[in-house]
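Residues per chain, in single letters:
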Amino acid sequence: MTAAPGPVNPSDLPFGTVVPAMVTPMDRDGAVDLEAAAALARHLVDGGADGLVVTGTTGETSTLTDEENLAMFRTVVEAVGDRAKVIAGTGTNDTAHSVELSRRAAETGVDGLLIVTPYYNKPNQAGIRAHFEAIADAAGLPVMVYDIPGRSVMPIEPKTLIALAAHENIVALKDAKGDLQSTTTVLAHTDLQLYSGDDGATLPLMALGAVGVVSVAAHVAPGLYRELVDAVHAGDLAAARSAHYALDPVQRGIMGHVQGAVASKAVLAAQGVIPTDTVRLPLVRATAAELDAIRADLAEAGIRF
(Lines give C-alpha, C1' and ligand atoms only; values in the text may rest on other atoms or scores of the structure.)
Protein backbone atom coordinates (compact mmCIF):
# COMPACT_ATOMS: atom_id res chain seq x y z
CA MET A 1 0.00 0.00 0.00
CA THR A 2 1.24 3.50 -0.85
CA ALA A 3 1.98 5.78 2.08
CA ALA A 4 -0.59 8.47 2.82
CA PRO A 5 0.15 11.62 0.82
CA GLY A 6 2.01 14.39 2.60
CA PRO A 7 1.69 18.16 2.20
CA VAL A 8 1.53 19.29 -1.43
CA ASN A 9 3.48 22.18 -2.88
CA PRO A 10 1.19 23.34 -5.71
CA SER A 11 4.14 24.66 -7.68
CA ASP A 12 5.46 21.10 -7.93
CA LEU A 13 2.33 19.80 -9.66
CA PRO A 14 2.44 19.26 -13.44
CA PHE A 15 -1.17 20.42 -13.93
CA GLY A 16 -1.72 23.16 -11.32
CA THR A 17 -4.52 23.16 -8.75
CA VAL A 18 -7.35 25.42 -10.01
CA VAL A 19 -7.92 24.30 -13.58
CA PRO A 20 -10.90 25.68 -15.52
CA ALA A 21 -12.16 23.37 -18.24
CA MET A 22 -12.10 26.18 -20.77
CA VAL A 23 -14.89 26.82 -23.27
CA THR A 24 -13.97 27.29 -26.92
CA PRO A 25 -15.12 30.78 -27.99
CA MET A 26 -16.81 30.99 -31.38
CA ASP A 27 -18.06 33.77 -33.61
CA ARG A 28 -21.68 34.22 -34.66
CA ASP A 29 -21.18 31.77 -37.53
CA GLY A 30 -19.71 29.07 -35.31
CA ALA A 31 -16.06 29.47 -36.32
CA VAL A 32 -13.49 29.12 -33.55
CA ASP A 33 -12.43 32.58 -32.35
CA LEU A 34 -8.76 32.26 -31.46
CA GLU A 35 -8.35 35.88 -30.44
CA ALA A 36 -11.20 35.48 -27.95
CA ALA A 37 -9.69 32.20 -26.73
CA ALA A 38 -6.40 33.92 -25.94
CA ALA A 39 -8.21 36.70 -24.09
CA LEU A 40 -10.30 34.21 -22.11
CA ALA A 41 -7.22 32.20 -21.13
CA ARG A 42 -5.52 35.34 -19.82
CA HIS A 43 -8.71 36.38 -18.01
CA LEU A 44 -8.95 33.04 -16.19
CA VAL A 45 -5.30 33.04 -15.17
CA ASP A 46 -5.58 36.63 -13.98
CA GLY A 47 -8.54 35.49 -11.86
CA GLY A 48 -6.66 32.71 -10.07
CA ALA A 49 -6.31 29.72 -12.39
CA ASP A 50 -2.92 28.03 -12.58
CA GLY A 51 -3.93 25.44 -15.17
CA LEU A 52 -6.27 25.30 -18.16
CA VAL A 53 -7.87 22.32 -19.89
CA VAL A 54 -8.21 23.25 -23.56
CA THR A 55 -10.83 21.56 -25.76
CA GLY A 56 -12.02 19.08 -23.20
CA THR A 57 -15.71 18.20 -23.01
CA THR A 58 -16.61 21.75 -21.97
CA GLY A 59 -14.48 22.97 -24.88
CA GLU A 60 -16.81 21.10 -27.27
CA THR A 61 -13.97 18.90 -28.47
CA SER A 62 -16.30 16.36 -30.08
CA THR A 63 -17.47 18.95 -32.62
CA LEU A 64 -14.04 20.44 -33.36
CA THR A 65 -11.73 19.32 -36.15
CA ASP A 66 -8.21 18.22 -35.31
CA GLU A 67 -6.87 21.43 -36.82
CA GLU A 68 -9.19 23.50 -34.63
CA ASN A 69 -8.05 21.58 -31.56
CA LEU A 70 -4.40 22.13 -32.42
CA ALA A 71 -4.95 25.82 -33.14
CA MET A 72 -6.57 26.18 -29.71
CA PHE A 73 -3.61 24.45 -28.03
CA ARG A 74 -1.09 26.73 -29.75
CA THR A 75 -3.14 29.83 -28.99
CA VAL A 76 -3.52 29.16 -25.28
CA VAL A 77 0.12 28.14 -24.83
CA GLU A 78 1.18 31.42 -26.42
CA ALA A 79 -1.37 33.42 -24.43
CA VAL A 80 -0.46 32.25 -20.93
CA GLY A 81 3.20 31.29 -21.32
CA ASP A 82 4.58 29.94 -18.06
CA ARG A 83 1.82 31.50 -15.94
CA ALA A 84 -0.32 28.34 -16.08
CA LYS A 85 -0.15 24.74 -17.18
CA VAL A 86 -1.94 23.96 -20.44
CA ILE A 87 -3.59 20.55 -20.65
CA ALA A 88 -4.81 19.40 -24.05
CA GLY A 89 -8.03 17.41 -24.28
CA THR A 90 -7.07 14.77 -26.85
CA GLY A 91 -9.13 11.76 -25.81
CA THR A 92 -11.70 10.24 -28.15
CA ASN A 93 -13.31 6.81 -28.47
CA ASP A 94 -10.86 5.91 -31.25
CA THR A 95 -7.47 4.95 -29.82
CA ALA A 96 -5.53 5.47 -33.05
CA HIS A 97 -7.08 8.92 -33.51
CA SER A 98 -6.33 9.83 -29.89
CA VAL A 99 -2.72 8.72 -30.29
CA GLU A 100 -2.23 10.83 -33.41
CA LEU A 101 -3.91 13.92 -31.94
CA SER A 102 -1.90 13.54 -28.73
CA ARG A 103 1.36 13.33 -30.66
CA ARG A 104 0.47 16.45 -32.59
CA ALA A 105 -0.63 18.22 -29.41
CA ALA A 106 2.78 17.55 -27.87
CA GLU A 107 4.33 19.54 -30.71
CA THR A 108 2.32 22.64 -29.77
CA GLY A 109 4.04 23.02 -26.40
CA VAL A 110 1.24 21.90 -24.08
CA ASP A 111 2.23 20.65 -20.65
CA GLY A 112 0.09 17.53 -20.56
CA LEU A 113 -2.95 15.65 -21.80
CA LEU A 114 -6.44 14.96 -20.49
CA ILE A 115 -7.69 11.61 -21.78
CA VAL A 116 -11.27 10.53 -21.23
CA THR A 117 -12.50 6.95 -21.03
CA PRO A 118 -13.49 5.76 -24.53
CA TYR A 119 -17.18 6.59 -24.76
CA TYR A 120 -20.01 4.75 -26.54
CA ASN A 121 -17.84 1.73 -27.51
CA LYS A 122 -18.22 0.19 -24.02
CA PRO A 123 -14.80 -1.54 -23.90
CA ASN A 124 -14.03 -3.86 -21.03
CA GLN A 125 -11.39 -3.00 -18.44
CA ALA A 126 -8.60 -4.57 -20.50
CA GLY A 127 -9.55 -2.39 -23.44
CA ILE A 128 -9.77 0.72 -21.28
CA ARG A 129 -6.32 0.07 -19.85
CA ALA A 130 -4.81 -0.61 -23.28
CA HIS A 131 -6.36 2.60 -24.65
CA PHE A 132 -4.79 4.81 -21.99
CA GLU A 133 -1.43 3.05 -22.13
CA ALA A 134 -1.22 3.36 -25.92
CA ILE A 135 -1.73 7.12 -25.71
CA ALA A 136 0.66 7.52 -22.77
CA ASP A 137 3.30 5.50 -24.64
CA ALA A 138 3.01 7.60 -27.77
CA ALA A 139 2.76 11.17 -26.56
CA GLY A 140 5.61 11.42 -24.07
CA LEU A 141 3.68 13.91 -21.90
CA PRO A 142 2.11 13.68 -18.45
CA VAL A 143 -1.39 12.25 -18.72
CA MET A 144 -4.46 12.95 -16.60
CA VAL A 145 -6.95 10.09 -16.86
CA TYR A 146 -10.58 11.25 -16.87
CA ASP A 147 -13.04 8.89 -15.18
CA ILE A 148 -16.62 10.03 -15.86
CA PRO A 149 -18.99 7.11 -16.32
CA GLY A 150 -21.95 9.48 -16.52
CA ARG A 151 -20.70 10.43 -19.99
CA SER A 152 -18.56 7.46 -21.02
CA VAL A 153 -20.90 4.76 -19.57
CA MET A 154 -17.98 2.57 -18.50
CA PRO A 155 -16.33 3.35 -15.14
CA ILE A 156 -12.61 2.81 -14.72
CA GLU A 157 -12.42 0.23 -11.96
CA PRO A 158 -9.97 0.81 -9.10
CA LYS A 159 -7.82 -2.17 -10.14
CA THR A 160 -7.50 -0.66 -13.62
CA LEU A 161 -6.52 2.75 -12.24
CA ILE A 162 -4.00 1.12 -9.94
CA ALA A 163 -2.48 -0.67 -12.93
CA LEU A 164 -2.43 2.51 -15.01
CA ALA A 165 -0.64 4.37 -12.22
CA ALA A 166 2.39 2.18 -12.83
CA HIS A 167 2.90 3.89 -16.21
CA GLU A 168 5.51 6.63 -15.90
CA ASN A 169 3.47 9.12 -17.93
CA ILE A 170 0.11 8.54 -16.20
CA VAL A 171 0.34 10.84 -13.22
CA ALA A 172 -3.13 12.18 -12.43
CA LEU A 173 -6.82 11.31 -12.26
CA LYS A 174 -9.75 13.61 -12.91
CA ASP A 175 -12.41 11.95 -10.79
CA ALA A 176 -16.04 12.53 -11.75
CA LYS A 177 -17.24 9.09 -10.74
CA GLY A 178 -19.05 10.06 -7.54
CA ASP A 179 -17.84 6.94 -5.74
CA LEU A 180 -15.84 7.83 -2.64
CA GLN A 181 -14.96 4.22 -1.87
CA SER A 182 -13.44 3.77 -5.34
CA THR A 183 -11.53 7.02 -4.94
CA THR A 184 -10.27 6.00 -1.51
CA THR A 185 -9.03 2.67 -2.83
CA VAL A 186 -7.14 4.36 -5.66
CA LEU A 187 -5.56 6.96 -3.38
CA ALA A 188 -4.57 4.29 -0.85
CA HIS A 189 -2.75 2.23 -3.48
CA THR A 190 -1.26 4.78 -5.90
CA ASP A 191 0.51 8.11 -5.96
CA LEU A 192 -1.80 9.54 -8.63
CA GLN A 193 -2.55 13.23 -8.18
CA LEU A 194 -6.31 13.45 -7.83
CA TYR A 195 -8.41 16.29 -9.22
CA SER A 196 -12.10 16.72 -8.57
CA GLY A 197 -13.99 16.48 -11.85
CA ASP A 198 -17.22 17.51 -10.15
CA ASP A 199 -17.21 21.14 -9.02
CA GLY A 200 -19.39 20.49 -5.98
CA ALA A 201 -17.20 17.63 -4.77
CA THR A 202 -13.99 19.66 -4.60
CA LEU A 203 -13.86 20.00 -0.82
CA PRO A 204 -14.88 16.39 -0.05
CA LEU A 205 -12.36 15.02 -2.52
CA MET A 206 -9.60 17.32 -1.26
CA ALA A 207 -10.35 16.02 2.23
CA LEU A 208 -9.50 12.57 0.85
CA GLY A 209 -6.28 13.81 -0.72
CA ALA A 210 -7.13 15.53 -4.02
CA VAL A 211 -4.75 18.33 -5.00
CA GLY A 212 -7.23 20.50 -6.88
CA VAL A 213 -10.15 20.76 -9.27
CA VAL A 214 -10.83 20.77 -12.99
CA SER A 215 -13.83 23.06 -12.98
CA VAL A 216 -16.53 24.42 -15.28
CA ALA A 217 -17.94 26.92 -12.79
CA ALA A 218 -14.45 28.41 -12.39
CA HIS A 219 -15.21 30.34 -15.57
CA VAL A 220 -17.21 32.76 -13.44
CA ALA A 221 -15.61 32.32 -10.00
CA PRO A 222 -11.96 31.33 -10.35
CA GLY A 223 -11.07 33.37 -7.27
CA LEU A 224 -13.44 31.44 -5.02
CA TYR A 225 -11.99 28.13 -6.18
CA ARG A 226 -8.53 29.54 -5.52
CA GLU A 227 -9.62 30.40 -1.97
CA LEU A 228 -11.03 26.91 -1.40
CA VAL A 229 -8.04 25.04 -2.78
CA ASP A 230 -5.46 27.23 -1.06
CA ALA A 231 -7.30 26.93 2.26
CA VAL A 232 -7.23 23.13 2.09
CA HIS A 233 -3.53 23.11 1.25
CA ALA A 234 -2.94 25.46 4.19
CA GLY A 235 -4.91 23.17 6.51
CA ASP A 236 -7.57 25.84 7.15
CA LEU A 237 -10.78 23.78 7.11
CA ALA A 238 -12.99 26.65 8.27
CA ALA A 239 -11.91 28.88 5.38
CA ALA A 240 -12.23 26.02 2.92
CA ARG A 241 -15.75 25.27 4.15
CA SER A 242 -16.69 28.94 3.84
CA ALA A 243 -15.54 29.03 0.21
CA HIS A 244 -17.32 25.72 -0.44
CA TYR A 245 -20.63 27.18 0.73
CA ALA A 246 -20.07 30.43 -1.15
CA LEU A 247 -19.65 28.38 -4.33
CA ASP A 248 -22.98 26.59 -3.92
CA PRO A 249 -25.10 29.08 -5.91
CA VAL A 250 -22.36 29.40 -8.53
CA GLN A 251 -22.32 25.66 -9.11
CA ARG A 252 -26.10 25.47 -9.17
CA GLY A 253 -26.22 28.26 -11.73
CA ILE A 254 -23.55 26.94 -14.08
CA MET A 255 -24.24 23.21 -13.77
CA GLY A 256 -27.88 22.96 -12.72
CA HIS A 257 -29.93 24.23 -15.64
CA VAL A 258 -28.17 23.60 -18.95
CA GLN A 259 -24.98 21.92 -20.12
CA GLY A 260 -21.95 23.58 -18.53
CA ALA A 261 -20.48 24.95 -21.74
CA VAL A 262 -23.81 26.52 -22.67
CA ALA A 263 -24.20 28.20 -19.27
CA SER A 264 -20.58 29.34 -19.11
CA LYS A 265 -20.68 30.87 -22.58
CA ALA A 266 -23.96 32.63 -21.82
CA VAL A 267 -22.57 34.27 -18.69
CA LEU A 268 -19.16 35.09 -20.17
CA ALA A 269 -20.75 36.65 -23.26
CA ALA A 270 -23.16 38.72 -21.16
CA GLN A 271 -20.21 39.93 -19.08
CA GLY A 272 -18.26 40.86 -22.21
CA VAL A 273 -15.47 38.36 -21.54
CA ILE A 274 -16.11 36.55 -24.84
CA PRO A 275 -17.89 38.06 -27.87
CA THR A 276 -20.72 35.53 -28.30
CA ASP A 277 -22.51 32.63 -26.60
CA THR A 278 -22.36 30.52 -29.78
CA VAL A 279 -22.21 26.76 -29.36
CA ARG A 280 -22.19 24.03 -32.00
CA LEU A 281 -24.97 21.55 -32.53
CA PRO A 282 -26.07 19.35 -30.92
CA LEU A 283 -25.71 22.00 -28.17
CA VAL A 284 -28.01 25.00 -28.39
CA ARG A 285 -27.99 28.37 -26.63
CA ALA A 286 -29.76 28.81 -23.32
CA THR A 287 -33.36 30.00 -23.53
CA ALA A 288 -34.59 33.17 -21.83
CA ALA A 289 -36.14 31.09 -19.04
CA GLU A 290 -32.92 29.14 -18.52
CA LEU A 291 -30.94 32.39 -18.42
CA ASP A 292 -33.30 33.76 -15.79
CA ALA A 293 -32.70 30.67 -13.63
CA ILE A 294 -28.93 30.96 -14.04
CA ARG A 295 -29.09 34.67 -13.28
CA ALA A 296 -31.06 34.10 -10.08
CA ASP A 297 -28.58 31.53 -8.78
CA LEU A 298 -25.50 33.61 -9.59
CA ALA A 299 -27.07 36.68 -8.00
CA GLU A 300 -26.97 34.79 -4.68
CA ALA A 301 -23.20 34.77 -5.06
CA GLY A 302 -23.07 38.43 -6.01
CA ILE A 303 -22.38 37.67 -9.67
CA ARG A 304 -24.54 39.60 -12.10
CA PHE A 305 -24.75 39.56 -15.87
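Residues numbered from 1 in each chain as written. Predicted model: local features only at pLDDT ≥ 70, side-chain atom pairs only at ≥ 80, totals over all residues. Heavy atoms only, no water.

Regarding the pairing of strand β4 (residues 112-116)
The buried fraction of β4 amounts to 5 of the 5 residues, a majority that puts the element mostly inside the structure. By the alternation rule, side chains of β4 split into Gly-112, Leu-114 and Val-116 and Leu-113 and Ile-115, which are all buried. Here strand β3 (residues 85-89) pairs with β4 via 3 bridges, running parallel. By the bridge assignment for β4, Gly-89 is matched with Leu-114. Following the chain from β3 across helix α3 (residues 95-106) to the adjacent parallel β4, one finds a crossover that is right-handed. Relative to strand β5 (residues 143-147), β4 is paired through 4 bridges, and the arrangement is parallel. Following the sheet pairing, Ile-115 is matched in β5 by Val-145. One crossover worth recording links β4 to the parallel β5 by way of helix α4 (residues 125-139), and it is right-handed. (Buried < 20%, exposed > 50% of the residue type's maximum accessible area, 1.4 Å probe, protein only. Helix = DSSP H or I, 4+ residues; strand = E, 2+ residues; numbered from the N terminus. Pairing = 2+ DSSP bridges. Right-handed = clockwise from strand over helix to strand, strands pointing away.)

Section: the UniProt feature "active site" (unreviewed entry) in the chain
The sites that UniProt annotates as "active site" (unreviewed entry) are Tyr-146 and Lys-174. A maximum C-alpha distance of 4.7 Å is found for the annotated residues, which run over 29 residues; spatially they form one tight group. Take Tyr-146: it is sitting in strand β5. A relative accessible area of 6% places Tyr-146 in the buried class. (UniProt positions renumbered as here; feature names shortened; annotations may be inferred.)

A few points about the UniProt feature "site: Part of a proton relay during catalysis" (unreviewed entry) in the chain
As recorded in UniProt, the feature "site: Part of a proton relay during catalysis" (unreviewed entry) lies at Thr-57 and Tyr-120. When you line up the elements, Thr-57 lands in the loop between β2 (51-54) and α2 (66-80). With relative accessibility at 31%, the residue Thr-57 sits in the partly exposed group. Of note, Tyr-120 is situated in the loop between β4 and α4.

A word on α4
Between the first and last C-alpha of α4 there are 22 Å, a value that for 15 residues agrees with the 21 Å anticipated at 1.5 Å per step. Taken together, the buried positions of α4 are occupied by Gln-125, Ile-128, His-131, Phe-132, Ile-135, Ala-136 and Ala-139. Angularly, the buried residues of α4 cover 130° about the axis, an arc narrow enough to put them on a single face. Exposed residues on α4 whose side chains face more than 90 degrees from its buried face are Ala-126 and Asp-137. Buried residues in α4 make contact with α3, β4, β5, α6 (158-164) and β6 (170-175). (Expected span 1.5 Å × (residues − 1). Arc of directions from axis to C-beta. Contact = heavy atoms within 4.5 Å.)

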